[in-house]
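Here are the chains, one letter per residue:
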Amino acid sequence: MSSDSDTEMAEPTAVQQRHRDAAAEVLPAHTDLYIGGEFVPAAATETFETTDPTTGAVLTDVARGRRADVDRAVEAAWEAFDETWVDYSAGQRQRVLTAIADTIETHADELAQLETLDNGKPVSEAAADVQGAAEQFRYFAGIVRENPGETMTDSQRQAQVIKEPYGVVGQIIPWNFPLMMASWKLAPALAAGNCTVLKPAEQTPLSALRLAELIGDIVPDGVVNIVPGYGDEAGAAVANHDDIRKLAFTGSTAVGKQVMKSAADTVTDVTLELGGKSPIVVFPDTDVQTAVSLVAAAIFYNTGECCEAGSRLFVHEEIADEVLDGLVAAVDDMTIGDPLDDATDLGPKVSRAQVNRTLDYLKRAQKDGGEFLTGGGQPDDEALADGCYVEPTLIDGLSHDAAAAQEEIFGPVLTVFRWDDYDEMIELANDVEYGLAGGVITEDISQANKTARDIEAGYIWINSYHDLAPGLPFGGYKQSGIGRELSAETLDHYRQTKTINLSL
Ligand code: NAI
Ligand code: MG
């Protein structure tokens, strides 16, 4: 018997079987491009594979969009805008957004499982994402009628200043919160009256395609178009398309810069939600257990694959040993395993490439003099060998200018710094090119407010972390981005201003 047939006949493990069963139940029926309200193959009829990072198995083939496909999608979007969507009243758009939220909630369990299969996140966290996605459509449904303008009248003129949609927008999203990122982009774009071409990440295209299936009867054809594909193919085609009037991108700072450069060629407005290396500051008056829980959640939620992750801990010397001991114990208590299991706290990373990237940072950290208080590699557990797992890791003793302290690792890796001089600590907290978020943990509210103002970042949590409520603007300072999501301000990113000056 050849070794090939041995492999074929090998009994699947319990985890493999469970993932196959789940895939049979929740994979979308259509994995082609979604253009003009129909699923259509890519012009070049090519596909790419998306895999399950827990088992390494291929989940399905997905149409590989390229420039010709993006062209078709943009054309369909303009046709839908000119012929249909532009005539929808705010109230009609509100109904569409509400119906999308309802359908997401109706299919919540299925969407959460699909997200877990494609991305590897614990299903409890995927369920929270799905809820967050529905909330996003509800929030923008709620403010869709808000489109205030201004008037100006004097002896010469009576003028109005109004806001109009761009028409067709291009949106590129990452793999860490696939469905939620789709909702963060689609909801405000539609609320403001635009049609869109959305490119999901190549690692996780399935939940956006399933969403397309679910909203086919709700959204007029061509208003939402989904073109999966690679970044340098479909992504680049969206980023420098002549007929796209506004671009919104979430992903790495490196690609964000490229998108911004492409946008310059067509003088297209851009909003960018990029990387982070956020500080979390612990004061000595804090209850140790509270600090431990908050810091652990700040770094380990979603396997550290969060742009806002609290990845640099600044803990006051007085309680540093206790907090770090507590964190090591918290890591010991974490359940690392099958993300389809409700009890799992930490699943695999999204891909082998991401595992290797994280491991490279760990090696560099060690070379730079860092000491692992816990973790430092892949878990030594046969049962996890097929998956893209990385151990939760705490690194002590690094100089703040080391790569692992400066660059976004995007894994379950926390770098630890002790402080006793406030001004020096703040200087270090701000000494990175990013400025997305920050955390402050103390019972002294005046101190917390001062520190919140001292940290150069777009979003600061005091005594919590990761809590994002629609209505509260989210976005970065410095190289973490341009523009704000989740808020009324977001609608203005999807509208342009027109002055109508009537001569008296
Ligand atoms: P990426 O920035 O390459 O991917 C994000 C999206 O951009 C994907 O849809 C991708 O296909 C697209 N893209 C890639 N190249 C493009 C191009 N030339 N033109 C237009 N679109 C393009 O991120 P990647 O490589 O998957 O991850 C690398 C690192 O980026 C991560 O380790 C993490 O540090 C950071 N990242 C940050 C995210 C955030 O939410 N801030 C999300 C994803 C990644
Ligand atoms: Mg995948």
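Residues numbered from 1 in each chain as written. Chains lettered and ligands numbered in written order. Predicted model: local features only at pLDDT ≥ 70, side-chain atom pairs only at ≥ 80, totals over all residues. Heavy atoms only, no water.

### Considering the sheet that holds strand β22 (residues 495-503)
Convention followed: Paired strands are those between which DSSP finds at least two bridges. A run of H or I in DSSP counts as a helix once it spans at least four residues, and a run of E counts as a strand once it spans at least two, with each numbered from the N terminus. Lines fitted to C-alpha atoms define the axes, with helix axes restricted to the stretch in contact, and inter-axis angles between N-to-C directions lie between 0 and 180 degrees.
Strands sit in the order β5-β6-β22 across an open sheet of three strands; the sheet is antiparallel. Bordering the open sheet on either side are β5 (150-153) and β22, each of which pairs with just one other strand. Neighbour to neighbour, the strand axes of the sheet diverge by 20° on average, direction disregarded. Strand direction decides the pairing type here: strand β6 (residues 157-165) and β22, joined by nine bridges, are antiparallel. Bridging across to β22, R157 finds its partner in S503.

### A look at the side chain of K121
Using the following cut-off: Only protein chains enter the accessibility calculation, which uses a 1.4 Å probe; a residue whose area is less than 20% of its type maximum is buried, one above 50% is exposed, and one in between is partly exposed. Whether two residues are in contact is decided by their heavy atoms, any of which lying within 4.5 Å being enough.
Mapped onto the elements of the fold, K121 is located in the loop between α5 (108-119) and α6 (123-143). On the basis of relative accessible area, K121 is assigned to the buried category, the value being 1%. For K121, the contacting residues outside a window of four places in its chain are E115, T116, A126, D129, N176, F177, N302 and P339.

### Comments concerning the environment of V168
Along the polypeptide, V168 turns up in strand β7 (residues 168-172). By relative accessible area, which is 0% here, V168 ends up buried. Beyond its immediate sequence surroundings of up to four residues, V168 is in contact with V74, A77, W78, C195, D243, I244, R245 and K246.

### So, the domain arrangement of the chain
Many descriptions give the size of an interface as the accessible area lost when the pieces come together. Cut-off, in case you're wondering: What counts as a domain boundary in this text is fixed by an automatic or database domain assignment. Buried area: the accessible area, evaluated with a 1.4 Å probe, that two parts lose upon being put together, summed over both parts. Salt bridges are defined by distance alone: a side-chain nitrogen of Lys or Arg within 4 Å of a carboxyl oxygen of Asp or Glu. Any pair of nitrogen or oxygen atoms within 3.5 Å is treated as a polar contact; in protein, a donor-acceptor pairing is required on top of that, and neighbouring residues in sequence qualify only through side-chain atoms on both sides. Each residue is assigned to one of three groups, with Ala, Val, Leu, Ile, Met, Phe, Trp, Tyr, Cys and Pro labelled nonpolar, Asp, Glu, Lys and Arg labelled charged, and all others, Gly among them, labelled polar.
You can read the domains of the chain as domain 1 (15-274 + 482-498) and domain 2 (278-469). A straight line from the C-alpha centre of domain 1 to that of domain 2 covers 30 Å. Between domain 1 and domain 2, the residue contacts involve 33 residues of the former and 28 residues of the latter. Across the domain 1 to domain 2 interface the summed buried area is about 2400 Å²; carbon plus sulfur atoms make up 57%. The interface formed by domain 1 and domain 2 includes one salt bridge. Among the salt bridges present, the one from R18 reaches D338, with a minimum N-O distance of 3.0 Å. Counting across the interface, domain 1 meets domain 2 through ten residue pairs in polar contact (both at pLDDT 80 or more). Those elements that place two or more of their residues in the side of domain 1 that touches domain 2 are α2 (14-26), α5 and α6. In terms of residue class, the side of domain 1 that touches domain 2 is made up of twelve nonpolar, 14 polar and seven charged.

### Comments concerning the coordination of the magnesium ion (ligand 2)
Filter applied, for reference: Because no water is among the atoms considered, metal sites can look incomplete, with donors defined as N, O and S atoms within 2.8 Å of the metal, or 3.2 Å for Na, K and Ca.
The protein atoms donating to the magnesium ion (ligand 2) are T50 (OG1), T51 (O), D118 (O), D118 (OD) and Q203 (O), with metal-donor distances spanning 2.3 to 2.7 Å. Mapped onto the sequence, the residues coordinating the magnesium ion (ligand 2) show the spacing T-T-x66-D-x84-Q. Accessibility expressed as a relative area gives 1% for T50, which makes it buried.

### Topic: the nonpolar core
Here is the rule we go by: Nonpolar cores are built from buried Ala, Val, Leu, Ile, Met, Phe, Trp, Tyr and Cys residues. Side-chain atoms within 4.5 Å join them into one set.
With 124 residues, the main nonpolar core has I100, I104, L313 and L327 as its most contacted residues. A domain split of this core shows at least three residues from each of domain 1 (15-274 + 482-498) and domain 2 (278-469). Not counting residues up to four positions away in its chain, the partners in contact with I104 are L111, V130, A133, A134, F137 and L211.

### Considering the layout of surface pockets
Using a probe with the size of a water molecule, rolled over the atoms, empty space left in the structure can be pinpointed. Our working rule: Residues are said to line a cavity or pocket when one of their atoms sits within 4 Å of a point; the points come from a 1 Å grid over protein atoms alone, cavities being sets where a 1.4 Å probe fits but cannot get out and pockets being open sets with protein on both sides within 12 Å along at least five of seven lines. Grid points are joined across faces, edges and corners, and a volume is the space filled by probe spheres set on the points.
Taken as a whole, the largest pocket encloses approximately 880 Å³ of empty space. Considering the residues around the largest pocket, the lining is formed by 38 residues, among which W175, F249, G251, S252 and V255 are closest to the centre. Of all the secondary structure elements, the ones that give two or more residues to the lining of the largest pocket are α9 (231-239), β10 (246-250), α10 (253-265) and α13 (352-367). Here the lining of the largest pocket gets six residues from one element, more than from any other, and that element is α10. Here the residues of the lining of the largest pocket are counted per class, giving 17 nonpolar, 13 polar and eight charged. Lining the lining of the largest pocket are residues from two domains, each supplying at least three of them: domain 1 (15-274 + 482-498) and domain 2 (278-469). In terms of lining, the second largest pocket is formed by 18 residues, of which the most central are D129, M180, W184, H466 and L468. Put simply, the parts of the chain that give the lining of the second largest pocket at least two residues each are α6 and α7 (178-191). It is α6 that provides the largest number of residues to the lining of the second largest pocket, a total of five residues.

### Quick word on the side chain of H493
Mapped onto the elements, H493 comes out in helix α17 (residues 488-493). Looking at H493, the relative accessible area reads 16%, which means it is buried.

### As for the site of ligand 1
Condition: Note on definitions. A residue lies near a molecule or strand when any single heavy atom of the residue is within 4 Å of it. Cavities and pockets are treated as containing a molecule whenever more than half of the molecule's atoms lie within 2 Å of their grid points.
What surrounds ligand 1 is a group of 26 residues, the closest being I173, W175, E202, S252 and R357. Between ligand 1 and K199, the relevant distance is 2.9 Å, taken from an oxygen atom to a side-chain nitrogen or oxygen of the residue. Mapping ligand 1 onto the cavity grids shows that it belongs to the largest pocket. Listing elements by their share of the shell around ligand 1, those giving two or more residues are α9, β10, α10 and α13. With three residues, the single largest contributor to the shell around ligand 1 is α9. Class assignment for the residues of the shell around ligand 1 results in twelve nonpolar, ten polar and four charged. Two domains each put at least three residues into the shell around ligand 1: domain 1 (15-274 + 482-498) and domain 2 (278-469).

### Describing the sheet that holds strand β15 (residues 393-396)
What the seven strands build is an open sheet, ordered β14-β15-β16-β13-β12-β18-β19; its pairing is mixed. Both edges of this open sheet fall to β14 (371-374) and β19 (459-462), since each of them pairs with a single strand only. Averaged over all pairs of adjacent strands, the angle between strand axes in this sheet comes to 25°, irrespective of strand direction. Where strand β13 (residues 310-316) lies against strand β16 (residues 413-419), five bridges are found, and the strand directions are parallel. What sits directly across from V315, in β16, is R418. Across the sheet, helix α11 (residues 288-300) touches β12 (278-282), β13, β15, β16 and β18 (437-441), and the angle it forms with β12 is around 175°. Where helix α16 (residues 445-454) meets the sheet, it contacts β18 and β19, and its direction lies at approximately 160° from that of β19.

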